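# Per-entry structural report
Chain by chain, the residues run as shown.
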Amino acid sequence: MKGLRELKRKVIGLLERIGEDPKFFGFVCFLPSIALIIVLNIFPLVYSFLISFCRYRLKDIAFSIWPTKFVGFNHYLRMFTRDVAWVITMQNTIYWIAAGLGVTLPICFGIALVLNEEFKGVKLVRVIPTLMWAVPSIAQCLIWSWIFHGEIGLVNNVLRVLGIIRQPIVWLLGTWTARGIVAVSQFFFTCPFIILMLLAALQGVPKYLYESSMLDGASALKRFIHITVPSIKNALITATALLTMWNINLFTFPFVITKGDPFFATETMSFYVYQQGFEWWNIGYATALAWVLLSMTIFGAYLNIRRLEI
Amino acid sequence: MKMILRRRISHKTLVYPLAAIIVLVLLTPYYWLMISSVMPRSEQLLWPPHWFPTNPSLHAYYEVLETPRFLQAFKNSVIITASTTIAVLIASSLAAYGLARIPFGNKKILLTVLLLIGGVPFWICCIPYFIMFRNIGLIDTHFAIILLLTVRLLPITSWVLFGFFKSIPVEIEESARVDGCSRIGAIFRIFVPLAAPGLISVGAYAFINSWNNFIVAAIIGGSNTIVLPVFVLNLMGSFSFEFRIDQLLASSIMVTILPILIIAVTQKYFIKGLFTGAVKA
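Because the structure is predicted, anything quoted here is derived from the model rather than measured. (Residues numbered from 1 in each chain as written. Chains lettered and ligands numbered in written order. Predicted model: local features only at pLDDT ≥ 70, side-chain atom pairs only at ≥ 80, totals over all residues. Heavy atoms only, no water.)

Before going further, it helps to spend a moment on the overall build of chain B. Looking only at helices and strands, chain B has 13 helices and zero strands in total. Each helix (α) and strand (β) of chain B, taken in turn from the N terminus, gives the series α-α-α-α-α-α-α-α-α-α-α-α-α. Residues classed as buried in chain B amount to 51% of the 281 residues present. If you take every contact in chain B between residues at least 6 apart in sequence, the share linking residues at least 24 apart comes to 71%. (Helix = DSSP H or I, 4+ residues; strand = E, 2+ residues; numbered from the N terminus. Buried < 20%, exposed > 50% of the residue type's maximum accessible area, 1.4 Å probe, protein only. Contact = heavy atoms within 4.5 Å.)

Next up, the structure:
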């Protein structure tokens, strides 16, 4: 017992001595995070960059950790000249980015505007995006493939009741209908975060701006254009950057439900990287694709971030 | 006078129906999930589908709970998520404290680099992870998954905590030290209680992200470390999942309950903690 107390006193004394010296304390503070990040983020990035110049297939992995055949820029040339699937995935991504920025962002902005008002029960309604955010992506994918089910889905029932169609549409089999499912499920994946972010930004706009403009006789539309939008410019730009990045990195829905069917219509770039690497085991080619995709993502983020006013 | 009154009335009457539509549209999918999971099998596969179950039964939940894999997945989920949350809290609060309190070089560059590294998606490194871990022998272990999940969460949580810690004034700690408290004592007695809301929100964020995460466990884990979302994924199989739709729905609900509870409890810390830093940055 006495030994334990002695030990405790020594440990606390050691901690206090560490605390007194600021430089050492800072070093100890950063050590766990920096070590983890370097070992598990930077090192694999460098490693995958080196692999992308080699040919590394299944039988190579079995024998050595370093790939044996160096092929230079072969992979990069191949992906832009001979790979049709890659081009299709890039087109798909453009469609979903357009859907994200053109449909999701305005609708989420509208929802945030409505949630910003003060009315009875607004606190309850504001909880809804937070709860939606916590639902796991598996459950979301399941819900959407179930709602859009070919024979017994909810959407088919609603359309039939409304009289628009007479036979149920098999959503997963058509090219554009499958892309539509992915776009709708992306809306529900991304809207909680975007709504909450825009709502937080809207609540930070000082009320006296609105009041003084109303005294000067500004209409609601003018108030919106000249006060609301410029005040939350930062949040809007962040939302655009996030939506672009999320739509480029769309991985869950193809991985869980469609696996890229029909005929690569719902194939996303990141899922294509996964397929090349883990289903067809062309690891060198997959890492080359991953690096091109990463540079596209960074470029997209940069285009948005440089307009931020920090 | 009359003009302002008219505008205010029309403003309010527009908001209520819009809010009702929004609630309806956003909540209908989850309502459908919950309702379908308590219907008997024959009613789930009915066309046209019923909006309300005629005789609700919990048979699907019993079936899922009796599957031995489910209990193992639940246990693994709890272990991995709890360990990840603790590790993330410790590592990111240390790093954020260092960033917020200790004066050194160019913080802005460090923060930007941290954010950029945090923006790297998982799948670009998943192939090197797989090869590295396979060679070390860590492929099917809890430790590997906890490590990867922690590393994924560290940049964002450090950044959020940094924003939070910066808002706590230094003078409080310094006055405690002037009164004779050591640095560590000042941290534990004064700083931690003030930073508790931020820590709670970051802890909830880490918990929910690691509970819902299935990509890491699907790629790096195997049959030993099956996690709840991976369990649901395995149930799905290929295209025709109608045959097991009741188990699928029930297990999805059971996976979703815990994060929703956590969010409901920590909700008020959440929005303040996560978005104050992000919006004003």
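Moving on from the model shown.
Okay, the overall build of chain A next. Helix and strand content of chain A: 15 helices and two strands. In terms of overall size, chain A is more extended than a compact globule, its C-alpha atoms giving a radius of gyration of 26 Å where 310 residues would be expected to give roughly 19 Å. Surface summary for chain A: the accessible area is close to 15,400 Å², and the carbon and sulfur share equals 69%. Counting 26 positive and 15 negative side-chain charges, chain A places the centres of these two groups 3 Å from one another. (Rg over C-alpha atoms; globule rule 2.2 N^0.38 Å. Areas by Shrake-Rupley, 256 points an atom, 1.4 Å probe, with all protein chains shown as cover. Lys, Arg positive; Asp, Glu negative; His and termini not counted. Charge placed at Lys NZ, Arg CZ, Asp CG, Glu CD.)

What follows concerns the packing of aromatic side chains. Residue and element names in this part refer to chain A. A complete count under the given rule lists 34 aromatic pairs over all chains for this structure. Ring plane angle 80 degrees and centroid distance 5.7 Å describe the contact between Phe193 and Trp246, whose orientation is recorded as edge-to-face. Note that Phe193 is positioned in helix α9 (residues 175–203) and Trp246 in helix α12 (residues 233–248), a separation of 53 residues in sequence. The partly exposed category is assigned to Phe193, whose relative accessible area is 21%. An angle of 65 degrees between the planes, with centres 5.9 Å apart, marks the rings of Phe278 and Trp281 as edge-to-face. (Phe/Tyr/Trp six-rings, centres within 6.5 Å; stacked < 30°, edge-to-face > 60°.)

Looking now at the interface of chain A and chain B. Of the residues lining the interface, 93 residues belong to chain A; the matching set on chain B comes to 90 residues. Of the roughly 8,700 Å² buried between chain A and chain B, counting both surfaces, carbon and sulfur atoms make up 81%. At the junction of chain A and chain B, the tally comes to zero salt bridges. Joining chain A to chain B, the criterion identifies five residue pairs in polar contact (both at pLDDT 80 or more). Top contributing element to the side of chain A that touches chain B by residue count: helix α2 (residues 22–51) of chain A, with 18 residues. For the side of chain A that touches chain B, the residue count by class is 65 nonpolar, 19 polar and nine charged. (Buried area = accessible area lost by both parts, 1.4 Å probe. Salt bridge = Lys/Arg side-chain N within 4 Å of Asp/Glu carboxyl O. Polar contact = N/O pair within 3.5 Å; in protein donor to acceptor, adjacent residues only side chain to side chain. Nonpolar A, V, L, I, M, F, W, Y, C, P; charged D, E, K, R; others polar.)

Residue and element names in this part refer to chain A. The contact between α2 and helix α15 (residues 283–305) brings their axes to 8 Å, and the two run at 120 degrees. By the angle between their axes, α2 is oblique relative to α15. Remark: the crossing between α2 and α15 carries left-handed chirality. Residue-level contacts link Leu45, Ser48, Phe49 and Ile51 of α2 to Ile283, Gly284, Thr287, Trp291 and Leu294 of α15. Grouping the amino acids of the contact of α2 with α15 by side-chain chemistry returns six nonpolar, three polar and no charged. (Axes fitted to C-alpha atoms, helices over the stretch in contact; angles between N-to-C directions. Parallel < 35°, antiparallel > 145°, perpendicular 65-115°, else oblique. Left-handed = near helix turned anticlockwise from the far one by under 90°.)

Residues and elements named next belong to chain A. Among the surface-exposed residues, Ile34, Ile38, Val39, Ile42, Val46 and Leu50 lie close enough to one another that they form a single nonpolar patch of about 500 Å² accessible area. Structurally, the position occupied by Leu50 is in helix α2. Accessibility expressed as a relative area gives 44% for Leu50, which makes it partly exposed. (Patch = residues over 30% accessible without salt bridge, like charges linked within 9 Å, V, L, I, M, F, W, Y side chains within 5 Å.)

Take unusual backbone geometry next. Trans is the prevailing form of peptide bonds, just as negative phi is the prevailing case for residues other than glycine. Residue and element names in this part refer to chain A. The phi torsion at Trp281 lies on the positive side, around 55 degrees, for a residue other than glycine. Topologically, Trp281 is positioned in the loop between α14 (269–279) and α15. Classification of Trp281 by relative accessible area gives partly exposed; the value is 22%.

Attention shifts here to the pattern of salt bridges. Residue and element names in this part refer to chain A. Across all of its chains, the model carries two salt bridges over all chains by this definition. Here Arg9 ties to Glu6 by a salt bridge, and the two come within 3.5 Å at their closest N and O atoms. In this pair, Arg9 and Glu6 both sit in helix α1 (residues 2–20), three residues apart, roughly one turn of the helix. We classify Arg9 as exposed; its relative accessible area is 54%.

For the rest of this paragraph, the subject is the side chain of A:Thr130. Residue and element names in this part refer to chain A. Counting through the fold element by element, Thr130 comes out in helix α6 (residues 122–134). By relative accessible area, which is 1% here, Thr130 ends up buried. Side-chain polar atoms of Thr130 contact the backbone oxygen of Arg126, separated by 3.5 Å.

Now for the environment of B:Tyr31. Residues and elements named next belong to chain B. Looking at the secondary structure, you find Tyr31 in helix α1 (residues 2–37). Residue Tyr31 is classed as partly exposed on the basis of its relative accessible area, which comes to 31%. Sequence separation of Tyr31 and Lys166 is 135 residues, and the distance between their C-alpha atoms is 41 Å.

All right, on to the confidence of the model for chain A then. For chain A, the average pLDDT comes to 83, and 95% of its residues sit at 70 or higher. Model confidence for chain A, summarised as mean pLDDT per element, is weakest for helix α3 (residues 58–63) of chain A at 62 and strongest for helix α5 (residues 84–116) of chain A at 89. (pLDDT = per-residue confidence, 0-100.)

All names here are of chain A. Relative to the helices and strands, Ala301 resides in helix α15. Residue Ala301 is classed as buried on the basis of its relative accessible area of 11%. When the C-alpha atoms of Ala301 and Trp280 are compared, they prove to be 30 Å apart, with 21 residues separating the residues in sequence.

Our next topic: α2(A). With 30 residues, α2(A) extends 41 Å from end C-alpha to end C-alpha; this agrees with the ideal 44 Å at 1.5 Å per step. Of all the bends found along α2(A), the most pronounced is centred on A:Leu31 and spans about 45 degrees, while A:Pro32, a proline, follows it within four residues. (Expected span 1.5 Å × (residues − 1). Bend = angle between axes of the 7 residues up to and from the residue.)

This part is about the state of the cysteines. Each disulfide consists of a covalent bond between the sulfur atoms of two cysteine residues. Within the structure shown, the criterion is met by zero disulfides over all chains. Here A:Cys141 stays free of any disulfide, with the sulfur of A:Cys191 as its closest cysteine sulfur at 14 Å. Looking at B:Cys125, it has no disulfide partner, and the nearest cysteine sulfur is the one in B:Cys126, 8.1 Å off. (Disulfide = S-S within 2.5 Å.)

Before going further, it helps to examine the confidence of the model for chain B. Reading fine detail from the predicted coordinates is not recommended where pLDDT is low. All names here are of chain B. Residues of chain B with pLDDT of at least 70 account for 88%, and the chain-wide mean is 81. Helix α13 (residues 267–280) is the least confidently modelled element of chain B, averaging 62 in pLDDT, while helix α4 (residues 68–101) averages 89, the highest of any element. The ipTM, which scores confidence in the relative placement of chains, is 0.81 for this predicted complex, and the corresponding pTM is 0.84.

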